[in-house]
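Topology and contacts: notes
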Amino acid sequence: MSEAPIPTRKRIVDAATKLFYAEGIGRVSVDAVAEKAGLTKRTLYYHFKSKDDLIAAYLDGRDQPNIRQMAGWFDAAEGDVERKVEAIFINLARVARHPKWKGCGFLRTAAELASMPGHPAVKAGSRHKKNFETWLASELSGHGVGEPQTLAREIVLLMDGAFSIMLIHRNPDYVEAAGRAAATLVRARLVEGTAP
């Protein structure tokens, strides 16, 4: 029994994801994406009205898988909530040690489009960062941590700062240091007695 064919739109997004993450959005042409997907450029444009829409679809396609991965690391971690938060960073550092790791695709894309704040891909990146922050605030609240929305934002700042500095230094120790700082922030919210 043969496998069902992969829908054309998914083939295009999968090809774009591999190329955009590996090389950056500015260095990858629509022709290269069509070739990698095994399709004509005309077929690609039937599914996406522009390269901008394809870039946004690439990021939108990474949103929930990335959040699920981080949620899995959080849930699997032994210990209290501060250890669970730190586990996200420890696992990010582990992933960052892989030779194919190129950084946060959302931040790299936003950097390439810094002069275009209304670009669909910048909006997709913004949605992802907000979705992660909302998920994290909900987890922190569920674990009795005080000021969960504020703390989630502080942790996102640590995470994205660590992603940025790792692109410069290529050293995952920075994300581990950010994880320790995040755990300290969580512990402070628990110790201060601000939890409900």
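Throughout this description, residue numbers start from 1 for each chain and increase along the sequence as written. Residues qualify for local features only when their pLDDT is at least 70, as the model is predicted, and side-chain atom pairs are given and counted only at 80 or more; totals for whole chains, interfaces and linings, by contrast, use all residues. Each side-chain value is derived from all of the structure's non-hydrogen atoms; neither hydrogens nor water enter the calculation.

1. Structural notes on the packing of aromatic side chains
- Stacked, edge-to-face and tilted labels apply to pairs of Phe, Tyr and Trp rings (six-membered ring for Trp) whose centres lie within 6.5 Å, assigned for plane angles under 30 degrees, over 60, and everything in between, in that order. Overall, the coordinates contain four aromatic pairs when judged by the stated rule.
- A centroid spacing of 5.5 Å and a plane angle of 65° characterise the contact between F20 and Y58, whose relative ring orientation is edge-to-face. Of this pair, F20 sits in helix α1 (residues 8–23) while Y58 sits in helix α4 (residues 51–76), placing them 38 residues apart in sequence. Like F20, the residue Y58 is buried in the burial classification.
- A centroid spacing of 5.6 Å and a plane angle of 35° characterise the contact between F132 and W135, whose relative ring orientation is tilted. Of this pair, F132 and W135 both sit in helix α7 (residues 120–142), separated by three residues, roughly a single helical turn.
- Three labels apply to residues, based on accessible area from a 1.4 Å probe with only protein chains included: buried if under 20% of the type maximum, exposed if over 50%, partly exposed otherwise in between. For F132, a relative accessible area of 5% gives the class buried.
- When its relative accessible area of 15% is taken as the criterion, W135 is described as buried.
- Ring-pair connections join several aromatic residues into one group, and the members of that group are F74, F132 and W135.
- Over a ring means this: the NZ of a Lys or the CZ of an Arg is within 6 Å of the ring centre and within 35 degrees of the ring normal. It is K84 that lies over the ring of F74; its NZ or CZ is 5.8 Å from the centre.
- Directly above the aromatic system of Y21 lies the positively charged group of R108, at a separation of 5.4 Å from the ring centroid. In this description a helix means any DSSP run of H or I spanning at least four residues, a strand means any run of E spanning at least two, and both kinds are numbered starting from the N terminus.

2. So, the UniProt feature "domain: HTH tetR-type" (unreviewed entry) in the chain
- The positions UniProt marks with the feature "domain: HTH tetR-type" (unreviewed entry) are residues 6–66.
- Helix makes up 77% of residues 6–66 and strand 0%, with an end-to-end C-alpha separation of 22 Å. UniProt positions are given in the numbering used here, feature names are shortened, and annotations may be inferred rather than shown by experiment.

3. Some thoughts on helix α2 (residues 30–37)
- The set of residues buried in α2 consists of V30, V33, A34 and A37. Projected down its long axis, α2 carries its buried residues within an arc of 95°, all on one side.
- Lining the buried residues of α2 we find α1, α3 (41–47) and α4.
- G38 lies just past α2 and shows a positive phi near 75°. As used here, the arc belongs to the directions running from the helix axis to the C-beta atoms. Only heavy atoms matter for contacts: two residues are in contact if any of them lie within 4.5 Å across the pair.

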